[in-house]
Amino acid sequence: PPHFMKSVLHPSLGMFHPSKIRVSRQQYKKNLQYLHSLHPEAKLMAVLKANAYGHGIQLAETAMEAGCSWIGIVDNWEAKYVRDHNLKTQHQKPVDILRLRPATDEEILDNLNNNLNMHEVVGCLDDAQRMNQLAEENGSTIDVHLKMDIGMGRSGFLPLQLDEMLNVAANDFSALHVKGVMAHFPSADDNLEVTQKQYSKFEHTMKKFCEKVNIPSNQLMIHCSNSAATLRLGTAMDMIRVGISSYGIAPGIDMDFPRDELKSCMRWTTQIASLRRVPPGRTIGYGMTFVTKRDSLIATLPFGYADGYWRSIQANNKSTVLISGKRCPVVGRISMNMITVDVTDLDSEPKVGDEVCIMGTQGDETITPEDIANLAGTIGYEVTIAAGYTGIIRGIHKVVES
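Because the structure is a prediction, the values reported are computed rather than measured.

Peer 1: Honestly, the overall build of the chain in this entry has me stumped. Any pointers?
Peer 2: Per the secondary structure count, the chain includes 11 helices and 20 strands. The globule rule puts the C-alpha radius of gyration for 402 residues at 21 Å, and the 24 Å found for the chain is close to it. When its C-alpha atoms are laid out on the principal axes, the chain stretches across 80 × 50 × 40 Å. Taken across its 402 residues, the chain has 51% of its residues classed as buried. Restricting to contacts in the chain with at least 6 residues of sequence separation, those with at least 24 account for 69%. Carbon and sulfur atoms form 47% of the exposed surface of the chain, whose accessible area is close to 18500 Å². For the chain, the distance from the average site of its 41 positive side-chain charges to the average site of its 45 negative ones is 5 Å.

Printed below as a string of structure tokens:
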């Protein structure tokens, strides 16, 4: 787990939680290989930021097996995991690591002092000057990727600032070695026309950049394709950076997504802690928002919003879980550590200890991260990250399966 969580998870605490998260390495590998097959001429980056979107940084090893030559992260502890495990590409070279956001001074110095060999992002002249000074004072050099802002607006040189990019690339900053130029699409999941124009603009600017810069083309990586662009654009540059789609989750709510090929890697389960029969006319949960209309069998699950299953998921009283391979409705509001489920209509009466599938497949039914996200009014990214990070703190058992 991340270093800042180790004190919470000290082995002497003997933490136990009846819920479990299982992550399939096999499915993750299949997803990566399918995405790479769409652009086999491009290099493949596995984006493992945010603890692999909640799935666990251990998937870095699987990314190597799938043919990745780059790993994208944001935090130093993620890079340290990769270096500590001596991960290598299929050509037996140490995998390249790119931080996918601007770095703080402390992060840059840690990168240099601990030989993490991370490539850093430079999005403006101030970034370049600051990073160059830190590296020079440290007697080191830093490999960097220049970032161009093509519409996201968070960081990056504007296309009109091409001369400033060229200044950085022309060795005006002796401690910075430019290894790539990148961009990031803000709406590739829902606005293909705009994305195609942004791609063309970036491509045009890169042609001018390459004509003027004194860097051999085979030593400069140009890349812009995130998950949505990888799936929707018929072309890519030197590398595709696949994050959310590699975990089997659609980048956008209304986007066509090849679900037969890309499947969710995470399965989230708990168990029935209590069963009780409730007559008609009884209220259940805070606010008494649910009233039984019949003799009902109600299961209580040891699970709630403290475990990453937010109250907002039940805002419209439509959330379900899987028990004995069938969808059972959640009734009443979600509590901090408990939810209640109506199991009256199951073919056979469940028992305390029976598995409950919160997300994943049980029998012929499946609940996807997107299903949960749609109920909560958010996106699938948030669901798996909440499950993964909250699970670490709460002691939910996570298994990254082969």
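Peer 1: Would you mind going over helix H6 (residues 125–137) with me for this structure?
Peer 2: Note: α-helices contain 3.6 residues per turn, so residues at a spacing of three or four share the same orientation. Along its 13 residues, H6 runs 18 Å from first to last C-alpha, staying within 8% of the 18 Å computed at 1.5 Å per residue. The set of residues buried in H6 consists of Asp127, Ala128, Met131, Asn132, Leu134 and Ala135. Here the buried residues of H6 occupy an arc of 165° about the axis, which is enough to place them on one side. Of the residues in H6, the exposed ones pointing more than 90 degrees away from the buried face are Asp126 and Glu137.

Peer 1: What should I look at first to understand the side chain of Thr269 in this one?
Peer 2: The topology assignment puts Thr269 in strand S10 (residues 266–271). What makes Thr269 buried here is its relative accessible area of 6%. In this structure Thr269 touches Pro18, Ser19, Lys20, Glu355, Val356, Cys357 and Ile358, once residues within four positions along its chain are discounted.

Peer 1: Which parts of the structure should I look at to understand the packing of aromatic side chains?
Peer 2: The geometry of an aromatic ring pair is captured by two quantities: the separation of the ring centres and the angle between the planes. Summed over the entire model, instances satisfying the criterion amount to 7 aromatic pairs. Aromatic side chains Tyr53 and Tyr381 sit 6.2 Å apart centroid to centroid with 35° between the ring planes, which places their arrangement in the tilted category. Taken together, the residues Tyr53 in helix H2 (residues 49–53) and Tyr381 in helix H11 (residues 380–394) connect sequence positions 328 residues apart. Take Tyr381: its relative accessible area is 24%, and that puts it in the partly exposed class. Relative to Tyr309, the ring of Phe303 lies with its centre 5.8 Å away and its plane at 55°, an arrangement referred to as tilted. A relative accessible area of 0% places Phe303 in the buried class. Classification of Tyr309 by relative accessible area gives buried; the value is 1%.

Peer 1: What is the right way to look at unusual backbone geometry in this model?
Peer 2: What you tend to see is this: most non-glycine residues have negative phi, and most peptide bonds are trans. Despite not being glycine, Asn86 has its phi angle at roughly 50°, a positive value. You can see Asn86 is positioned in the loop between helix H4 (76–84) and strand S4 (96–99). Even without glycine at this site, Asn317 takes up a positive phi of about 55°. Among the secondary structure elements, Asn317 is positioned in the loop between strand S14 (296–301) and strand S15 (320–323).

Peer 1: For this particular structure, what's the right way to read the sheet that holds S4?
Peer 2: Two modes of strand pairing occur in sheets, parallel and antiparallel, and in both the strands are linked by backbone hydrogen bonds. In spatial order, the strands read S2-S3-S4-S5-S6-S7-S8-S9; together these 8 strands close into a barrel with parallel pairing. Each neighbouring strand pair of the sheet contributes to a mean axis angle of 30°, computed without reference to strand direction. Bridge count between strand S5 (residues 118–122) and strand S6 (residues 142–147): 3 bridges; the pairing is parallel. Opposite Glu120, over in S6, you have Val144 as the bridge partner. Contacts between helix H1 (residues 25–38) and the sheet are confined to strand S2 (43–47) and strand S9 (239–242), with S2 contributing the most and set at about 140° to the helix. With respect to the sheet, helix H7 (residues 162–172) is in contact with S6 and strand S7 (176–182), its orientation differing from that of S7 by roughly 140°.

Peer 1: Looking at this model, I keep getting lost on the pattern of salt bridges. Mind explaining?
Peer 2: Opposite charge on two side chains permits them to pair, given that their charged atoms come into close proximity. Enumeration over the complete set of coordinates arrives at 16 salt bridges. Here Asp75 makes a salt bridge to Arg101, at a shortest N to O gap of 3.1 Å. Here Asp75 is found in the loop between strand S3 (70–73) and H4, whereas its partner Arg101 is found in the loop between S4 and helix H5 (105–113), with 26 residues between them in sequence. On the accessibility criterion, Arg101 (26% relative accessible area) is partly exposed.

Peer 1: Would you mind going over the packing of H7 against helix H8 (residues 192–212) with me for this structure?
Peer 2: Two quantities define a packed helix pair, namely the angle between the helix axes and the distance between the axes. The geometry of H7 relative to H8 is characterised by a closest axis approach of 11 Å and an angle of 40° between their N-to-C directions. Judged on the interaxial angle alone, H8 and H7 are oblique. For the pair H7 and H8, the crossing hand works out as right-handed. Residue-level inspection shows Leu162, Met165, Leu166 and Ala169 of H7 in contact with H8, the latter providing Thr205, Met206, Lys208, Phe209 and Lys212. For the contact of H7 with H8, the class distribution of residues is 6 nonpolar, 1 polar and 2 charged.

Peer 1: Help me understand the pairing of S7 in this model?
Peer 2: On any regular strand, side chains alternate: one points to one face of the sheet, the next to the other face. With 5 of its 7 residues buried, S7 lies for the most part within the structure. Two strands pair when backbone bridges link them, and S6 and S7 are joined in this way by 6 bridges, in the parallel orientation. For His145, the partnering residue across the bridge sits in S7 and is Gly180. By the bridge criterion, 3 bridges tie S7 to strand S8 (residues 221–225) in an arrangement that is parallel. Bridge pairing in S8 places Gly180 opposite Met221.

Peer 1: What's the story with the nonpolar core in this structure? I'm lost.
Peer 2: Note that soluble globular proteins tend to have their nonpolar side chains buried in a common cluster. Of all hydrophobic cores here, the largest spans 81 residues; its most connected members are Tyr28, Leu32, Leu48, Tyr309 and Ile323. Leu48 has contacts with Tyr28, Ile57, Leu59, Ala60, Ile71, Gly72, Glu78 and Tyr247, leaving out every residue within four places of it along the chain.

The rules we used
Residues numbered from 1 in each chain as written. Predicted model: local features only at pLDDT ≥ 70, side-chain atom pairs only at ≥ 80, totals over all residues. Heavy atoms only, no water. Helix = DSSP H or I, 4+ residues; strand = E, 2+ residues; numbered from the N terminus. Rg over C-alpha atoms; globule rule 2.2 N^0.38 Å. Buried < 20%, exposed > 50% of the residue type's maximum accessible area, 1.4 Å probe, protein only. Contact = heavy atoms within 4.5 Å. Areas by Shrake-Rupley, 256 points an atom, 1.4 Å probe, with all protein chains shown as cover. Lys, Arg positive; Asp, Glu negative; His and termini not counted. Charge placed at Lys NZ, Arg CZ, Asp CG, Glu CD. Expected span 1.5 Å × (residues − 1). Arc of directions from axis to C-beta. Phe/Tyr/Trp six-rings, centres within 6.5 Å; stacked < 30°, edge-to-face > 60°. Pairing = 2+ DSSP bridges. Axes fitted to C-alpha atoms, helices over the stretch in contact; angles between N-to-C directions. Salt bridge = Lys/Arg side-chain N within 4 Å of Asp/Glu carboxyl O. Parallel < 35°, antiparallel > 145°, perpendicular 65-115°, else oblique. Left-handed = near helix turned anticlockwise from the far one by under 90°. Nonpolar A, V, L, I, M, F, W, Y, C, P; charged D, E, K, R; others polar. Core = buried A, V, L, I, M, F, W, Y, C linked by side-chain atoms within 4.5 Å.

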